[in-house]
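# Structural overview
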Amino acid sequence: MTRRDFLQQSSALASATALAGCVHPPAHSPAPTVPALPFYDRVPTLSPIRAREDRLFKITVCTRPFRAEGPRIEAERVGDKLVVHNYGHGGSGWSLSWGSGTLAVDLALAGRDPSTTEVAVVGCGALGLTSAIVAQRAGARSVTIYARDRPSETRSFRATGSWTPDSRIALTRAAAPGFAAQWEQMARTSWHYYQSFLGLPGEPVEFTERYVLSDPHPTAAEQKIRDDDPIGFAYYMDRIRDLNPRFEDLPAGSHPFPTRWARRRSDLMFNITAYAHQLTEDFQLNGGRIVHREFHAPSEFAQLPEPVILHSTGYAARELFTDQSLTPVRGQIAWLIPQPEVNYGLLFDNLNILGRRDGIVVQLSAQGEVSGWNDATETVDHEEAVAGVRQLQALYARMAEARRG
Ligand SMILES: Cc1cc2nc3c(=O)[nH]c(=O)nc-3n(C[C@H](O)[C@H](O)[C@H](O)COP(=O)(O)OP(=O)(O)OC[C@H]3O[C@@H](n4cnc5c(N)ncnc54)[C@H](O)[C@@H]3O)c2cc1C
């Protein structure tokens, strides 16, 4: 999740407000007038995050597998095997996993009787694990995952855990023809599947509140991000605007934030530790097996006993299948010790905070959309992690000051 993801999803509401005659106040004017919230929709008291450097318990870095034309979901023959690729989901792998898995499994089982088809899945990240379950649900006779790393060691495990289906998913100028419609189908299918994980013990998936804080009007901030985006990422959220609840502007005095604008929305969140555990358990309970195995060339796929292979090695496909269309987009997260009472997210400037059950995400994207572009280094930047925590401290200091004032 990035500042752009948050802001661009709120544009419809902002436009509606503008249409209703709400003129953006000039900078430094008093807080804008927004209609009072009804009693049933008030902002609850928010527990503060203990934003201290010594509470950082880990820093993770991961490479988003980005492809300018969008993910590769297509079939190829490797020897006598049918290999269906399912990789290259940029910053949207978790969010699109069910829809993408469904497309891949449809290709894999086309013209076959699932009940007699043994399926192999290479990769056990968001895409491999999910498509393996989709193959089971489609009735495949057996499904076996072969992977170098188990879920907790994959890049997927280092994700923010937000519903961001169009985050770094394609470039406007290079997206494959028809990709926008395919994207919509994947997003809608995934949204539907995610509903079945709500309310389970351990909360693998839940809705929590997100607050977007800004001094310029959010629409202006969003426009600036688009104008300043030198990469040209594609934006598709308008196509599924009916799925998410809308962002709402919060009236001054109804919230504790020190910025001129504060908006709120309930959003889907993935507690990835619990969610990956749940997926692994579901897969194994349905007879799935996970086998440790590393492949060094596509020709090694021929040694697998299964005739059909779903291939989901994410960024590693760049080397394994010499796919130079994969561009690395680096991302780092600093993790504060979880606080069960902190179950909300904040977006302020380039700081993204998400209170998850397994840790509080502190993500600083200092360079906006260019952040991490074409950078495959996965070494930790400790200074950046500390800078994020300090920025959060500074926000709380402003909140305390606003309360005193
Ligand atoms: C900082 C950050 C935050 C993110 N936040 C979000 C978010 O909030 N929401 C969202 O939807 N997405 C998010 N993403 C994107 C998401 O994490 C990726 O799109 C997703 O992880 C890609 O999953 P994957 O299964 O394709 O690849 P991976 O997770 O990399 O899994 C690849 C699998 O293939 C195996 N493998 C690789 N090479 C071989 C080999 N040679 N032989 C055998 N096995 C092999 C690996 O061991 C692993 O099991 C984020 C990404 C980053 C970097």
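Going along each chain's sequence as written, the residues are numbered from 1 onward. Thresholds applied to this predicted model are a pLDDT of at least 70 for local features of residues and 80 or more for the giving and counting of side-chain atom pairs; totals over whole chains, interfaces and linings are not thresholded and use all residues. Values reported for side chains reflect all heavy atoms of the structure, with hydrogen atoms and water molecules removed beforehand.

## Here we look at the pairing of strand β10 (residues 308-311)
Put simply, the rule is: The buried label applies to any residue whose accessible area, calculated with a 1.4 Å probe on protein chains only, is under 20% of its type's maximum; exposed applies above 50%, and partly exposed to all values in between. The secondary structure listing takes helices from DSSP runs of H or I that are at least 4 residues long and strands from runs of E that are at least 2 residues long, numbered from the N terminus. Pairing between strands is defined by DSSP: at least two bridges between them are needed.
Neither face of β10 is left uncovered, since the one carrying V308 and L310 and the one carrying I309 and H311 both have all their residues buried. Pairing of strand β3 (residues 81-87) with β10, which is carried by four bridges, proceeds in the parallel orientation. Bridged to V83 within β10 is I309. Where strand β4 (residues 118-122) lies against β10, four bridges are found, and the strand directions are parallel. Bridged to V121 within β10 is L310.

## Let's talk about helix α4 (residues 126-137)
To be explicit about the condition: Helix span, as expected, comes to 1.5 Å for every residue beyond the first. For this analysis, residues touch if any pair of their heavy atoms sits within 4.5 Å.
When the terminal C-alpha atoms of α4 are compared, their 17 Å separation across 12 residues agrees well with the 16 Å that a helix rising 1.5 Å per residue should span. Of all 12 residues that make up α4, 11 are buried, and the element is covered over most of its length. Taken as a whole, α4 has its buried residues at A126, L127, G128, L129, T130, S131, A132, I133, V134, A135 and Q136. Those residues of α4 that are buried are in contact with β3, α3 (93-109), β4, β5 (142-147), α7 (272-285) and β10.

## Some words on the side chain of D249
To keep things clear, this is the line we draw: The term polar contact refers here to a pair of N or O atoms within 3.5 Å; inside protein, the definition further demands a hydrogen-donor-capable atom paired with an acceptor-capable atom, and it admits residues adjacent in sequence only when both atoms are side-chain atoms.
With respect to the helices, strands and loops of the structure, D249 is situated in strand β7 (residues 248-249). Residue classification places D249 among the buried positions, given a relative accessible area of 10%. Of note is the side chain of D249, whose polar atom sits 2.8 Å from the side chain of R263.

## Description of the domain arrangement of the protein
The test is simple: For the domain bounds, the source is a domain assignment made automatically or taken from a database. Put simply, buried area is how much 1.4 Å-probe accessible surface two parts lose in total, over both of them, once they are put together. The working definition used for a salt bridge is a side-chain nitrogen of Lys or Arg within 4 Å of a carboxyl oxygen of Asp or Glu.
Per the domain assignment, the segments of the protein are domain 1 (29-63 + 209-266 + 329-404) and domain 2 (67-196 + 272-326). A straight line from the C-alpha centre of domain 1 to that of domain 2 covers 30 Å. Each side of the interface is counted separately: domain 1 has 31 residues, and domain 2 has 27 residues. The three residues of domain 1 that bury the most area against domain 2 are Y236, R239 and L243, which together make up 25% of that side's buried surface. For the interface between domain 1 and domain 2, the tally reads four salt bridges. The partner of E378 in a salt bridge is R155, with the nearest N and O atoms 2.8 Å apart. Viewed at the interface, domain 2 and domain 1 are joined by 16 residue pairs in polar contact (both at pLDDT 80 or more).

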